[in-house]
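# Structure at a glance
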Amino acid sequence: MAALRSRHNGTSAVETETDGPPSNHNNNNKLEKEGSKNGKPEKSDPMIYIIFVSLLFDLLAFTIILPLLPSLLEYYRQNDSSGLYAVLTDRVRWFQQLLGAPERYISVLFGGFLGSMFSFLQFVASPIVGGLSDYYGRKPVLMVCASGIALSYLIWACSSNFALFVLARFVGGISKGNISLCMSVITDVSSVKTRGRGMALVGVAFSLGFIVGPMIGALFAIFSDKSGGSWFVLPSLLAFGLAIGDLLVLGCCLRETLPKEKRVKEISSALAYGLQLLNFSAIFRFAAIKNVPKKDMEALRSVGLIYFLYLFLYSGLEFTVTFLMYHKFGYTSMDQARMFLTTGVIMTLLQGSVVRRLPEAKIKGYAIFSLYLIVPAFVLVGLAEGSRMLYAGMTLFAISTAFAVTCLTTLVSKYGNDDQKGSVLGIFRSLGALARALGPVVGCIAFWCVGSRITYISGGLLLIYPALALQRARI
């Protein structure tokens, strides 16, 4: 596997052209290197584990709703008093007929559009929230985000009509900048050597959340009496309770990790790039990040573009796997649950054991490996005629996923001054959210227009490009 070919962030700042004075983090990296000469392994800051618990609460609450979406959409189809469901259904039906998708998939397409809306709101919110945290500090902005997420579940519990349910999703989506803030906290309190462990714990939280949360939701879906009134109140209140637990963890246990002397001095500069959301190219160029070495900026742009292309193709193919299992293999909901449980367990085991222990020098190599591995994963899924090959493809998919996003996030977290970490990771998460907003729509169009085999094989082959680009990038 390829190792890092370029120097650590900041070590060559004097040799490169810059847009301003040398970064504060250059000295930090030197101190980290000097501090590691004694041979003792560096311990992770306890705040990393607080963030892990916080994310676990958040993701458990977030994923409870996933198995309930078909039943929820059916409930609102029959009981919506706002008229919004009928209007949106007409739009989705037009799209379904345009693609030639079977009528029974209209609810899945509907759910896909709701998911795209949620991701697009994350795309808008993440860099703004990151900038605010660079000025006000991480903890107060995290608390605001967590409060917004809790409010969204409370609105869901009260959503007697579809318009209120959409409002709940809107509030939840715009509050989801907490993920990038959690990564900023990890970056604040970790050194180059311990940062990978912290990012891997984020991956473990995601894997556990996406295993346990949907299982809880599935139990509600199976045992709830849907002939009654608002049967979804109990799961929504459970999600609300978990969100309150997240708020308590953040309020009582999290310390502020960005000292005042390291914060950006003017809120106008912290929010300057928020206006640049109207110009997508500015986000891809990380135009809001100033006063960093030229080579660092080039590395940021390279990783950001690679991350976007990877997640754009990945999310489109990932979303349509549900169609494939139903349409080609006749999988029931329980069959799908077994598949996702298998992939979730693989990801959790790898992130909890291997990924979190990766040495900093091997992060790029494993990122390249994971991007290449996703190629045969989707080719196998496209060629699969039986469950054995499908499981083989999805197993490779799980192994790749366990490494890819964590390693790419660790790479990008090295860049930016101390008062820019929130902005860097906010823009990075924003690029991922934009990819997840667009990918499922394009994936659906390809799946129903050219078929699953061509979609997965061509999509898998296109994923070679991000791997090649990362291999060639000077990071």
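Parameters and conventions
- Residues numbered from 1 in each chain as written.
- Predicted model: local features only at pLDDT ≥ 70, side-chain atom pairs only at ≥ 80, totals over all residues.
- Heavy atoms only, no water.
- UniProt positions renumbered as here; feature names shortened; annotations may be inferred.
- Helix = DSSP H or I, 4+ residues; strand = E, 2+ residues; numbered from the N terminus.
- Buried < 20%, exposed > 50% of the residue type's maximum accessible area, 1.4 Å probe, protein only.
- Contact = heavy atoms within 4.5 Å.
- Axes fitted to C-alpha atoms, helices over the stretch in contact; angles between N-to-C directions.
- Parallel < 35°, antiparallel > 145°, perpendicular 65-115°, else oblique.
- Left-handed = near helix turned anticlockwise from the far one by under 90°.
- Nonpolar A, V, L, I, M, F, W, Y, C, P; charged D, E, K, R; others polar.
- Core = buried A, V, L, I, M, F, W, Y, C linked by side-chain atoms within 4.5 Å.
- Salt bridge = Lys/Arg side-chain N within 4 Å of Asp/Glu carboxyl O.
- Expected span 1.5 Å × (residues − 1).

- As recorded in an unreviewed UniProt entry, the chain goes by the name Major facilitator superfamily (MFS) profile domain-containing protein, listed as coming from Drosophila gunungcola.
- Quoted verbatim from the Subcellular location (unreviewed entry) heading of the UniProt record, the comment on the chain is "Membrane".

### Looking at the overall build of the chain
- Along the backbone of the chain there are 19 helices and 0 strands.
- By the burial criterion, 55% of the 475 residues in the chain qualify as buried.
- Contacts in the chain between residues far apart in sequence, at least 24 positions, make up 83% of those at least 6 positions apart.

### So, the side chain of threonine 409
- Mapped onto the elements, threonine 409 comes out in helix 16 (residues 387-412).
- Exposure remark for threonine 409: the relative accessible area of 2% places this residue in the buried category.
- Aside from chain neighbours lying at most four places away, what touches threonine 409 is Met183, Met199, Leu425 and Phe428.

### Some thoughts on the packing of helix 15 (residues 363-383) against helix 19 (residues 464-472)
- Relative orientation of the contacting elements helix 15 and helix 19 amounts to 160°, with a least axis distance of 8 Å. Classified by the angle between their axes, helix 15 and helix 19 sit roughly antiparallel to one another. Helix 15 and helix 19 meet at a crossing whose hand is left-handed. Side by side, helix 15 and helix 19 meet where Lys364, Ala367, Ile368, Leu371, Tyr372 and Val375 of the first sit next to Ile464, Pro466, Ala467, Leu468, Leu470 and Gln471 of the second.
- Partitioning the contact of helix 15 with helix 19 into residue classes produces 10 nonpolar, 1 polar and 1 charged.

### Comments concerning the nonpolar core
- Within the largest apolar cluster, 136 residues are counted, with the highest numbers of intra-cluster contacts made by Leu72, Tyr76, Trp156, Phe165, Leu390 and Leu470.
- The contact partners of leucine 470, leaving out residues within four places of it in the chain, are Ile306, Lys364, Ala367, Ile368, Leu371, Leu408, Leu411 and Ile475.

### Brief notes about the pattern of salt bridges
- Applying the stated rule across the entire model yields 10 salt bridges.
- Its salt-bridge partner being aspartate 58, residue lysine 176 comes within 2.5 Å of it at the nearest N-O pair. Residue lysine 176 is located in the loop between helix 7 (162-174) and helix 8 (178-189), and its partner aspartate 58 is located in helix 2 (residues 46-63); the two are separated by 118 residues in the primary sequence.
- Overall, lysine 176 belongs to the buried group, its relative accessible area being 4%.
- Since its relative accessible area comes to 3%, aspartate 58 is described here as buried.
- One connected set of salt bridges, linked through shared partners, spans Asp134, Arg138 and Asp188.

### Here we look at the side chain of serine 400
- Within the secondary structure layout, serine 400 lies in helix 16.
- Those residues in contact with serine 400, other than ones at most four positions away along the chain, are Tyr310, Ser370, Leu373 and Ile374.

### Comments concerning helix 10 (residues 233-253)
- If you check helix 10, its first and last C-alpha atoms are 30 Å apart, about what 21 residues at 1.5 Å a residue would give, namely 30 Å.
- Tucked inside the fold, the buried residues of helix 10 contact helix 2, helix 6 (138-157) and helix 9 (192-223).

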